[in-house]
Amino acid sequence: MHTRRSFLKSTAWGGALSSTVPAFLAATFDHLHAENSDRDVAPATGKDSPVLVVIQLAGGNDGLNTVVPLGNDHYHKARPKLGLEPKTIRKIRDDVGFHPALRGFEELHDEGRLAIVQSVGYPNPNRSHFRSTDIWMTATDSDRFSNVGWIGRYFDNACAGGPATVGVAVGRQSPLAFAAKHPRGIALENPESFRFTDLDGGADNQAKGSGSFYRQMNSSFDDAPLGDPANAGGSVAMLGGTHSQTSGGSPLDFLERTALDAQVSSDQIREIANRFRNASPYPASKLANDLRLVARLIAGGLGTRVYYLSQGGYDTHTNQTGAHQRLLGVLGDAMVAFVKDLKALGQSDRVLVMTFSEFGRRVAENGNAGTDHGAAAPLFLAGTRVRAGWHGKPPILDPTSLHNGDLRHSTDFRSVYASILEQWLRTDPRPILGTTFPTLPLVA
Amino acid sequence: MLAELPASRWNPAAATHLLNRAGFGGTADEVSELARKPAREAVRSLVAKGTAVNPQKPPSWAHPDPDRAARLKAFREASPQERERLQREQRQTQRARMVELEGWWLDRMVRGADPLREKLTLFWHGHFATSAVKVRDAYLMWRQNDLFRRHGLGPWRTLLREVTLDPAMLIWLDQAQSRPPKPNENYARELMELFVLGEGRFSERDVTELARSLTGWTLDRLRQEPIYRPRLHDPGVKSVLGAEGRLGLDDILDVLTSRPDSDQWITGKLWTFFAGTAPGAELQQSLARCFKEQGRTIGPFLETLLISEAFHAPEVVGQRIKSPTELLVMACRQLGRPLPAPAVCANSLRLLGQDLFHPPNVKGWEGGVAWINANTLLNRHNLALLLVTGENPLPTTPRKGTPSAPRTRRGRPAATAPVDLAELLPKTDRTSAERILEILNNRFLDARISAKSRKVLGDYLSAQADLDSQELLGLLRLTLCLPEYQLC
């Protein structure tokens, strides 16, 4: 007979529990399921639930040379060297176009799969990479500090009892955005190596080999209370955010919990990665590779709600032109390949991509054909279900309207978060963001 | 002042802690030798090793390039295709040298005569985090590394001046290209935010004014030396952190290092690195006061830190997560094995999240619990296999152009030799499971094994039909995967 517990087990993450999961773990999951059924809240971890893919542009992307104003004298006056030639720009409207390298964005735009939110920022902007990254990742006011990330709070509020893989950061580090009261989310770089290799170089399930004792070792956590507020997993990627070392739980508890997460998710992820293949080609770049892996994991039905990726190198203080050209080319090409692959895999309707960067750059170029740290900048959403086109107000470049040489924001980044939480992840943004932010119609 | 560790608590366990944190761990003999000295003398012997001779000579290329002028000329005169070829060659050379440099430094940590200096160099590398990705010159990266070694224990102001004019730093944070009237803000900002004061302790105006003050200092690219070019200096009046005048580099260093914020910032950083936890408010005040009273010199301050009662408190001892570099170096020392080949070490450390000479950003590595996630922990467990058996289960994804690790016929990357079991666990010591576990507990876990871990290892031993080398290697590997092994 199907009890609610066994039903949840077989649907929510049943497919992910391979036969190699030891009995104690199955018991652990049973316990979790019981917890959930008691609360009568089904966590949003089914195979059909929406997925958010966040791409961090680390270093501060120059928004003005990404979405370029056309026929604007202030722009060319402020940027005699870096100002882009109007004829090279990928014109979208009479007054605005994309950087020439953004053929990917142009394609997404033309297909109605790209939303551009203009002039995104926050009050009292901070020009520190590290502080501003923390602000974006924790979704706090710029004068307030938090050691819990906005995605972590989403996990706490809407995915209680979900598996560790509810959040997957591609790379060696887990971002502060994932840090939660009840830490969840894993970092993953290469599914083939995401496992414990036994002495003979093979699998880890012989009875006498060290592998089975490794499993026993990592079982030490199973009778500890789950959801113990141990140290969260926030850390540095390229700009992973400032991790607070003072949150509760001993380092040993934290290590034990992470070892258990690693072992369980390693089984799931290898199983999926071995079964699923991408359906269309990707360009050669690290970001494209990371997105290729994400597409496989999505198609494989990993119960992940948020994937997190990072593209570094946007801190263009000197000789910006070539570097920025290369970065945006990689970004646009990787995103368009990802959206195509998802379409071919039959997954595109449940995936939304969002980019962000800790700040834009100064309107005026500096003396080294580069730009210094700035403030507001555009942000992009891609997918088949975005409400494509322009959101928010265009930036005003008139020097009298600038604040210390920086663009003023007109849309708070937390309005974008609130809209995504409400319209895409279908959860109440208030407990996650602490207060109400006006939303934009970002999802069709 | 900071309370000193009472003499009654100075013992082999305290000496073990000291050797773990002030260096890369000690053998049983080193521990008992240190513990026999009075505590103050013991600490001093670690901090003042400076004159001891290291077995390692600098890499053969660690000097200014004598053919640089000719090389630059050839490059200027080359055809576009030729230029591309030269560039490619140069990149390959530099990348190979970076791998060599990483191996060279790790070797100093494992075998060098002055482990504290290497540990402190590792701290400064994280504090003044500079990446070869942008500097792209192994000689300059070596030079900065050596600067930390030479000045790391000296006066704080001197170190800051050296770092400010260090060629790798001049390139990394764009000071080399900063010119009036629009100076580059990159170095000025990070100098205050990350190196000396901390975020929120200066204004945006201080950033631009400080950048103006530093103009004139740039890089002589031919001689690979810093140079002051008066005509590139903005001679006007500036105002930085309340000081006003025709400020230049030395005025700025005086202004910065005499601020109480600066005493707090750098001592807090040093404490966090060596103790593994951030200092509380009261301790922070004491640390800053000590530093100021000791003339803001790092060596004497470190002595005070290492001998303080707070540094030997139970919440500090054995509670710090080893960085990947510490894990690798300490494991090699404990296992009595040589370091794997430089390319293997470089690959391993990158996978564990500490790519030496390539920090993720100018803030360096976050450290602490940020070292640990599902991915890096699995890689730690697989590094343990590599170090114990010599087999390399880690994926080799070398940075483009770097020499990859050698491979065996089976196609698996061959790392290195297995540990010498006869040396590590002599047959005469393999009398009982209890005895074996005792040896491992003392040697690898500073006698801090948990009951659960002891049971896992015991169960493993009793499941084996006999205890031959394969089984013992398995046991060693499991020991290195224990959660308590990640701490020291």
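Here the residue numbering is sequential within each chain, running from 1 through the sequence in written order. Each chain is given a letter, starting from A, and each ligand a number, starting from 1, according to the order in which they appear as written. Where local features are concerned, this predicted model is filtered to residues with pLDDT of at least 70; where side-chain atom pairs are given and counted, the filter is 80 or more; whole-chain, interface and lining totals use all residues.

Draft legend 1. The arrangement of the overall build of chain B in detail. Going along the chain from the N terminus, every DSSP run of H or I of four or more residues is numbered as a helix, and every run of E of two or more is numbered as a strand. Broken down by element type, chain B carries 23 helices and four strands. Between the two quantities, the radius of gyration covers C-alpha atoms and the globule rule is 2.2 Å times the number of residues to the power 0.38. Expected size for 488 residues packed as a compact globule is a radius of gyration near 23 Å; at 24 Å, chain B falls within 12% of this value. The principal-axis extents of the C-alpha atoms in chain B amount to approximately 80 × 65 × 40 Å. Counting other C-beta atoms within 10 Å of its own, a residue is labelled buried from 20 upward, exposed at 12 or fewer, and partly exposed in the gap between, with every C-beta atom placed from the backbone. Taking all 488 residues of chain B together, the buried fraction comes to 52%. Taking all contacts inside chain B whose residues are at least 6 apart in sequence as the whole, residues at least 24 apart take part in 71%. Contact criterion: two residues are in contact if their C-beta atoms, reconstructed from the backbone, are within 7 Å.

Draft legend 2. Inspection of the overall build of chain A at higher detail. Scanning chain A from terminus to terminus reveals twelve helices and twelve strands. Every one of the 444 residues in chain A was classed for burial, and the buried ones make up 59%. Within chain A, residue pairs in contact and separated by at least 24 positions form 73% of the contacts whose partners lie at least 6 positions apart.

Draft legend 3. Quick peek at the pairing of strand β1 (residues 51–57) of chain A. Residues and elements named next belong to chain A. Burial runs high along β1: seven of the seven residues are buried. Pairing analysis gives six bridges linking β1 to strand β9 (residues 351–356), with the strands arranged parallel. By the bridge assignment, V53 is partnered in β9 with V353. Here β1 pairs with strand β8 (residues 306–311) via six bridges, running parallel. Among the inter-strand pairings, V54 is bridged to a residue of β8, identified as Y308. The pairing criterion for strands is at least two bridges between them, as found by DSSP.

Draft legend 4. The arrangement of the domain arrangement of chain B in detail. Each domain's extent was defined by an automatic or database domain assignment. Entries for chain B in the domain assignment read domain 1 (68–257) and domain 2 (423–488). The distance between the C-alpha centroids of domain 1 of chain B and domain 2 of chain B comes to 47 Å.

Draft legend 5. Inspection of the pairing of strand β10 (residues 377–382) of chain A at higher detail. All names here are of chain A. In terms of burial, β10 is largely enclosed, as six of its six residues are buried. As paired elements, strand β5 (residues 114–121) and β10 share five bridges and run antiparallel to each other. Pairing of I116 across the sheet is with F380, part of β10. Of the pairings in the sheet, the one linking β9 to β10 comprises two bridges and is antiparallel in character.

Draft legend 6. Fine view of unusual backbone geometry. Residues P180 of chain B and P181 of chain B are joined by a peptide bond in cis, for which omega reads 5°. Along the polypeptide, P181 of chain B turns up in the loop between α10 (167–172) and α11 (186–196). The phi dihedral of R426 of chain A is positive, around 55°, even though this residue is not glycine. Mapped onto the fold, R426 of chain A is located in the loop between α11 (413–424) and α12 (430–433). Residue R426 of chain A is classed as exposed on the basis of its 12 C-beta neighbours within 10 Å. In this model, Q224 of chain B sits at a positive phi of 55°, which is unusual for a non-glycine residue. One can find Q224 of chain B in the loop between β1 (217–220) and β2 (225–228). What makes Q224 of chain B partly exposed here is the crowd of 17 C-beta atoms within 10 Å.

Draft legend 7. Structural context of the interface of chain A and chain B. Listed per partner, the contact involves 58 residues of chain A and 58 residues of chain B. Looking at the side of chain A that touches chain B, the elements with two or more residues in it are α5 (129–138), β7 (186–188), α7 (210–217) and α8 (251–275) of chain A. With eleven residues, α8 of chain A is the largest single contributor of residues to the side of chain A that touches chain B. Side-chain classes follow a simple rule in which Ala, Val, Leu, Ile, Met, Phe, Trp, Tyr, Cys and Pro form the nonpolar group, Asp, Glu, Lys and Arg form the charged group, and the remainder, Gly included, forms the polar group. Grouping the amino acids of the side of chain A that touches chain B by side-chain chemistry returns 21 nonpolar, 27 polar and ten charged.

Draft legend 8. Structural view of the sheet that holds strand β4 (residues 96–98) of chain A. Residues and elements named next belong to chain A. The strand order across the open sheet formed by three strands is β2-β4-β3, and the pairing between neighbours is antiparallel. Each edge of the sheet is formed by a strand with only one pairing partner; in this case those strands are β2 (67–69) and β3 (90–93). Strand-to-strand twist of the sheet, defined as the mean angle between neighbouring strand axes without regard to direction, takes the value 40°. Across three bridges, the pairing between β2 and β4 is antiparallel. Residue pairing for β4: P69 is matched across the bridge by V96. For helices, the axis comes from a line fit to the C-alpha atoms of the stretch in contact; other axes are also lines fit to C-alpha atoms, and the angle between any two N-to-C directions lies between 0 and 180 degrees.

Draft legend 9. Structural context of the packing of α8 of chain A against helix α19 (residues 374–389) of chain B. Interhelical geometry of α8 of chain A versus α19 of chain B gives an angle of 90° and a closest axis separation of 9 Å. Classified by the angle their axes make, α8 of chain A and α19 of chain B are roughly perpendicular. For the pair α8 of chain A and α19 of chain B, the contacting residues are T258, A259, D261, A262, S265 and S266 of chain A in the first and A374, L377 and L378 of chain B in the second. Under this scheme an angle from 65 to 115 degrees is roughly perpendicular, one under 35 degrees roughly parallel, and one over 145 degrees roughly antiparallel; angles in between are oblique.

Draft legend 10. Layout of the nonpolar core. The biggest cluster of nonpolar side chains holds 262 residues, and the ones touching the most others in it are L52 and A334 of chain A together with M141 of chain B. It is helix α10 (residues 320–344) of chain A that contributes the most residues to this core, eleven residues altogether. When residues are assigned to domains, this core turns out to be shared by domain 1 (68–257) and domain 2 (423–488) of chain B, each giving three or more. Not counting the four nearest positions on each side in its chain, L52 of chain A is found in contact with R305, V306, L352, M354, I420, W424 and L425 of chain A. In this description, a nonpolar core means buried residues of the types Ala, Val, Leu, Ile, Met, Phe, Trp, Tyr and Cys, linked to one another by C-beta atoms lying within 7 Å.

Draft legend 11. Seen up close, helix α1 (residues 12–22) of chain B. All names here are of chain B. Judged by how many residues are buried, α1 sits mostly within the fold: nine of eleven residues are covered. For α1, every residue scored as buried is listed here: A14, A15, T16, H17, L18, L19, N20, R21 and A22. On its buried face, α1 sits against α2 (28–36), α3 (39–47), α6 (115–127), α14 (260–275) and α16 (298–307).

Draft legend 12. Local environment of the packing of helix α4 (residues 103–110) of chain A against α10 of chain A. Residue and element names in this part refer to chain A. Contact pair α4 / α10: the axes reach a minimum separation of 6 Å and the direction vectors enclose 40°. In terms of their interaxial angle, α4 and α10 are classed as oblique. Touching R103, G104, F105, E107 and L108 of α4 are G332, D333, M335, V336 and V339, all from α10. Its residues placed into classes, the contact of α4 with α10 shows five nonpolar, two polar and three charged.

Draft legend 13. The environment of L387 of chain B, seen in detail. Residue and element names in this part refer to chain B. Secondary-structure assignment places L387 in helix α19. Looking at L387, the number of C-beta atoms within 10 Å reads 25, which means it is buried. Distance in space between the C-alpha atoms of L387 and W271 is 31 Å, their sequence separation being 116 residues. Apart from residues no more than four positions distant in its own chain, L387 is found in contact with A331, C332, L335 and R337.

Draft legend 14. Structural detail: the environment of T400 of chain A. In this fold, T400 of chain A is placed in the loop between β11 (389–391) and β12 (411–412). Each C-alpha atom, one on T400 of chain A and one on S142 of chain A, is 24 Å from the other, the two residues being 258 residues apart in sequence.

Draft legend 15. Examining the environment of P123 of chain A more closely. Residues and elements named next belong to chain A. As for its position among the elements, P123 is in the loop between β5 and α5. Taking the C-beta count within 10 Å as the criterion, P123 has 10 such neighbours and is therefore assigned exposed. With 172 residues separating them in the primary sequence, P123 and A295 have C-alpha atoms 36 Å apart.

Draft legend 16. Examining the confidence of the model for chain B more closely. Residues and elements named next belong to chain B. Looking at chain B, pLDDT values average 93 and 95% of them are 70 or higher. For every residue, the predictor reports its confidence as pLDDT, a number between 0 and 100. Every residue in residues 406–411 scores below 50 in pLDDT, and together they form five contacts with partners more than four places removed in sequence or on other chains. ipTM for the predicted complex: 0.91, alongside a pTM of 0.87.

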